[in-house]
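Chain by chain, the residues:
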Amino acid sequence: NSINQLATILLDGLDLIICNVFIGALGMSLMSYSKTIPVQLASLIAMVANIFVPQMTAIYADGDKGKFIKETKSAVKICSFLCSVPIIGFIVFGYSFFRLWLPSLTDGEIATIQTLSLLTLLPSLFSIFSYPLSAVQTITCKLRLPVIVTMAIGIINVVLVFVLLNVTDMGVLAVKIVSSVLLMFKVLVFTPMYAAKNLNVKLTEFYPTILRGTVANGVMLGVFAVIASFSDVNSWTKLVIMVGICGVLGYVMNYVILLDK
């Protein structure tokens, strides 16, 4: 677990330092602004997902694999139900939020912050499915391979960022693009398959649940984007109203699409 924390820092904890050293104070500031809300949303996902771990552990200890798999899928769906709405909402209304929060910055700087924020949120959008599945690794006491994979991805991240910063003019975007792609690979490919392998079921066991959640997120994203296009959010009052409307609609859509009887 200690090594895993170090690997996580290599993967997603050095971006501010890298920006400061290789790009400058402005790049670090833009990166810092972009991470403010996504970091809080990631904490929300972890908090919600951890609620299910004691029950999952108790069921696994009883030796009922079928019931454990059902409980794990239920945790994935409920975690997605609760956490996807604020993430999709911030993806759609993030630019308006940053424009209101940071009025002294230029439109170009706001656009850069929003882009960095989106790159940070994309892995989080799929982490809502993988967090409960990551608990399977701990419950089954199979932590060695995930730590090795995370460490390898973290080292690859640092190396690729250094290469891109030296051979391209991508700047601050290079720092976030690499880590986002690598994180998405981990949460969408490795984590679901490794959880299935530890339970001795087919590797695609959890993908129908993930696909269902992805469809719900896609529908929400489209609806929120259409609603946002009809309103110029130029005040905090308008932002709160639009977010409230979309939040209610989002949870209704999630309830219908994501949950079953």
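Residues numbered from 1 in each chain as written. Predicted model: local features only at pLDDT ≥ 70, side-chain atom pairs only at ≥ 80, totals over all residues. Heavy atoms only, no water.

Participant: Would you mind going over unusual backbone geometry with me for this structure?
Facilitator: The bulk of non-glycine residues show a negative phi, and the bulk of peptide bonds are trans. Positive phi is not limited to glycine here, since Cys141 has a value of about 60 degrees. Among the secondary structure elements, Cys141 is positioned in the loop between helix H6 (107–139) and helix H7 (144–167). With a phi angle near 60 degrees, Asn200 is a residue other than glycine that sits in the positive phi range. Position of Asn200 among the secondary structure elements: in the loop between helix H8 (172–198) and helix H9 (207–229). With a relative accessible area of 65%, Asn200 lands in the exposed category. (Helix = DSSP H or I, 4+ residues; strand = E, 2+ residues; numbered from the N terminus. Buried < 20%, exposed > 50% of the residue type's maximum accessible area, 1.4 Å probe, protein only.)

Participant: Can you walk me through the pattern of salt bridges in this structure?
Facilitator: Two side chains bearing opposite charge may form a pair once their charged atoms approach each other closely. Following the criterion strictly, the structure yields four salt bridges and no others. In this structure, Glu205 and Lys73 form a salt bridge, with 2.8 Å as the shortest nitrogen-oxygen distance. Of this pair, Glu205 sits in the loop between H8 and H9 while Lys73 sits in helix H5 (residues 65–101), placing them 132 residues apart in sequence. Judged by its relative accessible area of 23%, Lys73 is partly exposed. With its nearest N and O atoms 3.7 Å apart, the salt bridge here joins Asp232 to Arg99. Taken together, the residues span a long stretch of sequence, with Asp232 in the loop between H9 and helix H10 (236–257) and Arg99 in helix H5 at a distance of 133 residues. The exposure class of Arg99 is partly exposed, given its relative accessible area of 31%. The network of salt bridges with common partners includes Lys77, Arg212 and Asp260. (Salt bridge = Lys/Arg side-chain N within 4 Å of Asp/Glu carboxyl O.)

Participant: I'm lost on the environment of Phe185 in this one. Help?
Facilitator: Of note, Phe185 is situated in helix H8. Here Phe185 falls in the partly exposed class, since its relative accessible area comes to 42%.

Participant: Just checking my understanding: could you explain the packing of H6 against H8 for this structure?
Facilitator: Describing two packed helices takes the angle between their axes plus the distance from one axis to the other. The interhelical angle for the contact between H6 and H8, taken along N-to-C directions, is 15 degrees, at an axis separation of 9 Å. Relative to H8, the element H6 is oriented roughly parallel. As H6 packs across H8, the resulting crossing turns out to be left-handed. (Axes fitted to C-alpha atoms, helices over the stretch in contact; angles between N-to-C directions. Parallel < 35°, antiparallel > 145°, perpendicular 65-115°, else oblique. Left-handed = near helix turned anticlockwise from the far one by under 90°.)

Participant: Looking at this structure, I do not really get the packing of aromatic side chains. What am I missing?
Facilitator: Centre-to-centre distance and the angle between the planes together describe a pair of aromatic rings. What the rule picks out here adds up to eleven aromatic pairs. Ring centres 5.5 Å apart and planes at 65 degrees place the aromatic pair Phe81 and Tyr251 in the edge-to-face group. Of this pair, Phe81 sits in helix H5 while Tyr251 sits in helix H10, and the two are 170 residues apart along the sequence. A connected cluster of aromatic rings, assembled from ring pairs, spans Tyr33, Phe90, Phe97, Phe98, Trp101 and Trp236. (Phe/Tyr/Trp six-rings, centres within 6.5 Å; stacked < 30°, edge-to-face > 60°.)

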